[in-house]
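Fold and geometry: a report
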Amino acid sequence: MVLSNIDRNLLERCLQNSSQAWEEFVDRYIGLVSHVVDHAALNRSLALDSSTRDDLISDVFFSWIRDDFAVLRRFEGNSSLATYLTVVARRIVVRHLLKNRSIADKTSSYQSKNPSVFAAAVDDTFQLESEQQIDEALQKLSDAEATAVRMFHLESRSYREIGSKIGIAENSVGPFLTRAREKMRRRISEA
């Protein structure tokens, strides 16, 4: 996708430190960043309080302006600006969530009392009502698949850690998890 004229103009104005450009940029992309934060937390079965969520959103925007807009200056135009910013924001948020395991510790009791958080992370349409159903769904997977799903959704582990544990390349973990979740959905719906 080609860079839109609106984004090109806004990006140029930000890089030139034009008046009100950054405020317009934030207004344009606050929804995208909020979605990335919410989605990353949901994928890791984390329930973020509003303060933590706001801090993560701020961290993303701050990282974009750090070092004289270095992140924005690196944009090469090989995709839409929104796609580029989504990828960068997701990396920032996931890195922050993994670094701050205290967030996961605060939510671990929430996860164990609310298995539907895990189910929602697996898929919005895939509803499990008890821990027993979650365990049964995981038992329908191979050992590697079950380990990957547990590590990602219940332990908030990185793709690198998962790949290392189950013996696959880091860039293969995402598709591997997608296939495992699909297998869970199929097997549960067949039951």
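In what follows, the structure referred to is the one given above.
Since we're looking at a predicted model, the values are computed, not measured.

Each helix and strand counted, the chain has ten helices and zero strands in total. Helices (α) and strands (β) of the chain occur, in sequence order from the N terminus, as α-α-α-α-α-α-α-α-α-α. Buried positions account for 41% of the 191 residues belonging to the chain. Put simply, 64% of the contacts in the chain that link residues at least 6 apart link residues at least 24 apart. In the structure as shown, the chain presents an accessible area of about 10,700 Å², 47% of it carried by carbon and sulfur atoms.

This brings us to the pattern of salt bridges. Taken as a whole, this structure holds six salt bridges when the rule is applied. As a salt-bridge pair, lysine 183 and glutamate 145 come within 3.0 Å of each other at their nearest N and O atoms. Linking lysine 183 in helix H10 (residues 173–190) with glutamate 145 in helix H8 (residues 143–154), this pair joins segments that are 38 residues apart in sequence. Of the two residues, lysine 183 and glutamate 145, both sit in the buried class.

Reading guide: rules and limits
Residues numbered from 1 in each chain as written. Predicted model: local features only at pLDDT ≥ 70, side-chain atom pairs only at ≥ 80, totals over all residues. Heavy atoms only, no water. Helix = DSSP H or I, 4+ residues; strand = E, 2+ residues; numbered from the N terminus. Buried < 20%, exposed > 50% of the residue type's maximum accessible area, 1.4 Å probe, protein only. Contact = heavy atoms within 4.5 Å. Areas by Shrake-Rupley, 256 points an atom, 1.4 Å probe, with all protein chains shown as cover. Salt bridge = Lys/Arg side-chain N within 4 Å of Asp/Glu carboxyl O.

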